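Topology and contacts: notes
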Amino acid sequence: MVNDLSLFSDNEELQEVATSEIRYLLMPALLGYFTLKRTTQDRYNVITKAKVYYRDFLRLCKLYGITQIELATETEHNENTDARVTPAGRTPPDLLAMSNIREQKIERYKKQKQTEDKLKELYSEVQKSHVDDEVKRDYYTTLLKKWVNTSLDEIDSISMELPILEHMAKVKGQNKVTQPPGKDRQKQPFHPFIITKTQLQKQVFGAGYPGLPTYTVEEFYENKVKEGDFPAPDQCLHSKPSNQEQTKTEAPEDQDEEETAEALQKARDWDDWKDDHRRGWGNRQNMG
């Protein structure tokens, strides 16, 4: 709507813009802010669109003299980003460029704190019933300066995130592992069939049920091996039992020996006890 009404022009200055229309300069920055809040769309497309909004806002602010920050081109900005984030295999980052970027961020942070404090004071003045036009202009201009710093920070964050998303998309494209043919095939509907032990039984049952396929055990197993459901016989022969399986088979034998020895000792103890304690030597029911 702002573009359709042509509220702003590249040939005019901020003093020529009406006080009630200055706030509409914030539209691109707000669009960028709320675009970043979207979570239902592709993240790469979201941050790319938000970056366009923020850059358009900074361009307008530069044209109207709200800020003197020179907006870098996409190529220059990507080079500055590469100086901070160096992927594996590249040369070490430029420490001088990183130091300059750090100093700029510190200076921007200090200005942002001053701008926010000034905004709080102006906001209380704007809420009054009678407000001077100059106070309103000062408030909107300060609000624009605050969003200039916010836009610069957001653009830096987006430029740091874009290479990561591009790398993730490239890795996902390279790591698409194709499934084995046995797993990738479409599941076939189940059809009844007859399994027999011998070829002779196959001929007998096949004659009685001509509509049903009949297989011997060997033929059924060979079909399952071809479909990839069962392992081949060679694989079964060469596969060695694991240590756990060996211990499971050896454990019952040791356990039987231990139980036999315990039962034998218990029987001997019982015989010795009976020798020392004759039948009837126990309780005589108080009969003396």
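Below or above, wherever it landed, is the structure these notes cover. Fair warning: this is a prediction, and the values are worked out from it, not measured in the lab. (Residues numbered from 1 in each chain as written. Predicted model: local features only at pLDDT ≥ 70, side-chain atom pairs only at ≥ 80, totals over all residues. Heavy atoms only, no water.)

**Details of the overall build of the protein**
- Check the secondary structure of the protein and you find 12 helices and 2 strands.
- When the helices and strands of the protein are placed in sequence order, the string is α-α-α-α-α-α-α-α-β-α-β-α-α-α.
- Taken over 288 residues, the protein has a buried fraction of 21%.
- Taking contacts inside the protein between residues at least 6 apart in sequence as the whole, the part at least 24 apart equals 53%.
- If you sum the accessible surface of the protein, you get close to 22,600 Å²; carbon and sulfur atoms cover 52% of it. (Helix = DSSP H or I, 4+ residues; strand = E, 2+ residues; numbered from the N terminus. Buried < 20%, exposed > 50% of the residue type's maximum accessible area, 1.4 Å probe, protein only. Contact = heavy atoms within 4.5 Å. Areas by Shrake-Rupley, 256 points an atom, 1.4 Å probe, with all protein chains shown as cover.)

**Some words on the nonpolar core**
- Of all hydrophobic cores here, the largest spans 30 residues; its most connected members are Ile22, Leu25, Phe57, Tyr64, Ile66, Leu144 and Ile158.
- At 11 residues, helix H7 (residues 133-174) tops the list of elements feeding residues into this core.
- Once residues lying within four places of it in the same chain are set aside, the contact partners of Ile66 are Leu14, Leu25, Cys61, Thr141, Leu144 and Lys145. (Core = buried A, V, L, I, M, F, W, Y, C linked by side-chain atoms within 4.5 Å.)

**Here's the deal with the packing of helix H6 (residues 95-126) against H7**
- Two elements in contact, H6 and H7, have axes separated by 9 Å at closest approach and are oriented at 150 degrees. When the interaxial angle is binned, H6 and H7 end up roughly antiparallel. Crossing handedness for the pair H6 and H7: left-handed. Together, Lys105, Arg108, Lys111, Gln112, Thr115, Glu116, Lys118, Leu119, Leu122, Tyr123, Glu125 and Val126 of H6 and Val135, Asp138, Tyr139, Thr142, Leu143, Lys145, Lys146, Asn149, Thr150, Leu152, Asp153 and Asp156 of H7 make up the contact between the two elements.
- In the contact of H6 with H7, the residues fall into 8 nonpolar, 5 polar and 11 charged. (Axes fitted to C-alpha atoms, helices over the stretch in contact; angles between N-to-C directions. Parallel < 35°, antiparallel > 145°, perpendicular 65-115°, else oblique. Left-handed = near helix turned anticlockwise from the far one by under 90°. Nonpolar A, V, L, I, M, F, W, Y, C, P; charged D, E, K, R; others polar.)

**Examining H6**
- For H6, with 32 residues, the first-to-last C-alpha span of 46 Å sits near the 46 Å given by 1.5 Å per residue.
- Every buried residue of H6 is accounted for by Ile101, Arg108, Gln112, Thr115, Leu119, Leu122 and Val126. (Expected span 1.5 Å × (residues − 1).)

**Side note on helix H4 (residues 43-63)**
- Under the 1.5 Å per step criterion, the end-to-end length of H4 is 31 Å for 21 residues, consistent within 8% with the ideal 30 Å.
- The set of residues buried in H4 consists of Val46, Ile47, Ala50, Lys51, Tyr54, Arg55, Phe57, Leu58, Leu60 and Cys61.
- Once H4 finishes, Gly65 follows within two positions and takes phi at roughly 75 degrees, a positive value.

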